[in-house]
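One letter stands for each residue in the lines below.
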Amino acid sequence: MNGNASTTAKAERLPNASRLAAQWTSIDWNLAEAEVNRLQVRIAKATQEKKWNTVKRLQYLLTHSYHAKLLVVRKVTTNKGKNTPGVDKVLWNTPAQKMNAALSLTDKGYKASPLRRVFIEKKGKKAKRPLGIPTMYDRAMQALYALSLDPVSEVTADHHSFGFRKGRCCQDACEYMFADLARAVSPKWVLEGDIRGCFDNISHDWLVANIPMDKSILKQFLKAGFVFKGELFPTDDGTPQGGVISPILANMALDGMEKVLSDRFHTNRLGKVDLRFKNAHKVNLVRYADDFIVTAATKEIAMEAKENPYLEPEYFTQRQFNHGVKRLSGRFKQVWKNQNGCCYHCGQPMDINEEKDIFFKVPKSKGGKDEVPNMAYVHNHCQFLYTERRSKEL
Ligand SMILES: [Zn+2]
């Protein structure tokens, strides 16, 4: 072989990109999910046992795990915001870019970029709503640390908090309230409220002191600030906007309302929960993110609110399947039932609240029919694989 310097350099660059692309396309996603889930289950168990050093060590393993990094990059490159860049204008579109991103995610010297501020129109209102958009890298970092924080928050969560939680949704809150209020012995008084601007006003000091995660990373998430028309505005309070970790942080800050009420109304002088007090007062709390109502309930209904999605996965898979059956009708329900609530592509369970678009096995543009045998439900990220393959075939 007769090589000169310039061709060698070029030749090295190309295979590098194609090697990265090949690496990305040959990932065993089921293996990656299993590995991450195994660590999350261990974090949930350690939290239950209040072994905080173990929690910390397992969180470290998870946030430094190759598989976790792959999963978060897949997540931020297949969700709704995948084509909306942050201040650095960077998008991760190609398999090589994605692989490179996964390999470059690190907490070493991590510094979050400011959020790009955009104003979005509100339906029927003159005032526009400001929204802060993190960079792809920051989104991936938040998703990575969310993976390690969520199993902790699921254990410490209020039992009747339904907003932004794995395996729980708005319908659960409604069902719970209905059962609470529809009985003959229902409470006569209902207090409804919301914690005004809670996401904007949560104290950073409180979060840094109380959230069980790497403090320096958390500070980066919180202090990122935002950029509007080229000017940087610092943020002093509140959870980061547009990031996946914010709802978890907000929920953790609001958890404990239930305990305050329970201490006041349900416990006897020795500090133990006393059912006689509980039944007499009928005081109860249902919270959906920052909206809540206080009522009473004497009996657990609809779902055993204590169940944990990390520790009782089969229970939640079954519930997700039932949700789909309830939500869907006609042919859609038939498709869902045929697939047993699992993805047509990868066979893993699906959540109908997140992925509700029907997928046509043979696209309509190629004569595919609008009929059950040609219809399927697939994860957003699995659908992405099909779309990619099809665009290559064209
Ligand atoms: Zn899938």
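Residues numbered from 1 in each chain as written. Predicted model: local features only at pLDDT ≥ 70, side-chain atom pairs only at ≥ 80, totals over all residues.

Participant: Teacher, can you tell me more about the overall build of the chain here?
Facilitator: Along the backbone of the chain there are 16 helices and 9 strands. When each of the 394 residues of the chain is scored for burial, the buried share is 33%. Taking contacts inside the chain between residues at least 6 apart in sequence as the whole, the part at least 24 apart equals 69%. (Helix = DSSP H or I, 4+ residues; strand = E, 2+ residues; numbered from the N terminus. Buried ≥ 20, exposed ≤ 12 C-beta atoms within 10 Å, placed from the backbone. Contact = placed C-beta atoms within 7 Å.)

Participant: Please clarify how the packing of helix α2 (residues 29–48) against helix α4 (residues 66–78) should be interpreted in this entry.
Facilitator: Working note: a packed helix pair is described by the angle between its axes plus the distance between those axes. Close contact between α2 and α4 brings their axes to 9 Å; oriented N to C, the two are set at 115°. Taken together, the axis directions place α2 and α4 in an arrangement best described as roughly perpendicular. For the crossing formed where α2 meets α4, the hand is left-handed. Packed against α2, whose contacting residues are A32, E33, E35 and V36, the element α4 presents H67, A68, L70 and L71 at the interface. Looking at the contact of α2 with α4, its residues break down into 5 nonpolar, 1 polar and 2 charged. (Axes fitted to C-alpha atoms, helices over the stretch in contact; angles between N-to-C directions. Parallel < 35°, antiparallel > 145°, perpendicular 65-115°, else oblique. Left-handed = near helix turned anticlockwise from the far one by under 90°. Nonpolar A, V, L, I, M, F, W, Y, C, P; charged D, E, K, R; others polar.)

Participant: How do you make sense of helix α14 (residues 313–327) when you look at a structure like this?
Facilitator: For the α-helix, the turn length of 3.6 residues means that residues three or four positions removed from each other point alike. Here α14 spans 21 Å end to end across 15 residues, near enough to the 21 Å set by a 1.5 Å rise per residue. The set of residues buried in α14 consists of F316, R319, Q320 and G324. Each buried residue of α14 lies within a common arc of 140° when the element is viewed along its axis, so the set occupies one face. α14 presents E314, N322 and K326 as exposed residues on the side facing more than 90 degrees away from its buried surface. Lining the buried residues of α14 we find α15 (330–338). (Expected span 1.5 Å × (residues − 1). Arc of directions from axis to C-beta.)

Participant: Please clarify how the nonpolar core should be interpreted in this entry.
Facilitator: Where a protein is soluble and globular, its nonpolar side chains tend to be buried together. Core analysis: the biggest nonpolar cluster contains 52 residues, and V72, A140 and L144 have the highest contact counts within it. Looking at this core, the elements with two or more residues in it are α1 (5–25), α2, α3 (52–63), α4, α5 (95–104), α6 (136–156), α10 (215–223) and α11 (246–254). If you tally residues by element for this core, the top one is α6, at 11 residues. If we skip the residues at most four places from it in the chain, A140 touches V72, V73, V76, A101 and L105. Listed in part, the 10 residues of the second largest apolar core include W336, F359, M375 and Y377. (Core = buried A, V, L, I, M, F, W, Y, C linked by C-beta atoms within 7 Å.)

Participant: Please explain the packing of α2 against α6 as it appears in this structure.
Facilitator: Running from N to C, α2 and α6 cross one another at 40°; their axes reach a closest spacing of 8 Å. Compared by their axis directions, α2 and α6 come out oblique. As for the relative orientation of α2 and α6, their crossing is right-handed in sense. Across from V36, Q40, I43, A44, T47 and Q48 in α2, the residues of α6 making contact are L147, S148, P151, V152, E154, V155 and T156. Residues that form the contact of α2 with α6 fall into these classes: 7 nonpolar, 5 polar and 1 charged.

Participant: Is there a simple way to explain the environment of L147 in this structure?
Facilitator: Its place among the elements puts L147 in helix α6. Judged by C-beta crowding, with 25 C-beta atoms within 10 Å, L147 ranks as buried. For L147 and T63, which are 84 residues apart along the polypeptide, the C-alpha to C-alpha distance reads 7.9 Å. Those residues within four positions of L147 in sequence are excluded, and the remaining contacts are V36, Q40, L62, A68 and V72.

Participant: Whenever I open this one, the confidence of the model for the chain confuses me. Can you help?
Facilitator: Caution applies to low-pLDDT regions: their predicted coordinates should not be interpreted in detail. Averaged over all residues, the pLDDT of the chain is 77; the fraction at 70 or higher stands at 66%. Across residues 1–12, where pLDDT falls below 50, the model places 1 contact with residues more than four positions away in sequence or in other chains. Confidence drops under a pLDDT of 50 for residues 297–305, and excluding neighbours within four residues, the segment shows 15 contacts in the predicted structure. (pLDDT = per-residue confidence, 0-100.)

Participant: What's the story with the environment of L115 in this structure? I'm lost.
Facilitator: Examined against the element boundaries, L115 turns out to sit in strand β1 (residues 115–120). L115 sits 23 residues away from D138 along the chain, and the two C-alpha atoms are 9.3 Å apart.

Participant: Help me out: how do you make sense of unusual backbone geometry in this one?
Facilitator: If a residue is not glycine, its phi is most likely negative; likewise, a peptide bond is most likely trans. One non-glycine residue with positive phi stands out, namely K50, at about 55°. Residue position: K50 is located in the loop between α2 and α3. Residue K50 is classed as exposed on the basis of its 9 C-beta neighbours within 10 Å. One non-glycine residue, N340, lies in positive phi territory at about 60°. For N340, the position within the fold is in the loop between α15 and β8 (359–360). Overall, N340 belongs to the exposed group, with 12 C-beta atoms counted inside 10 Å.

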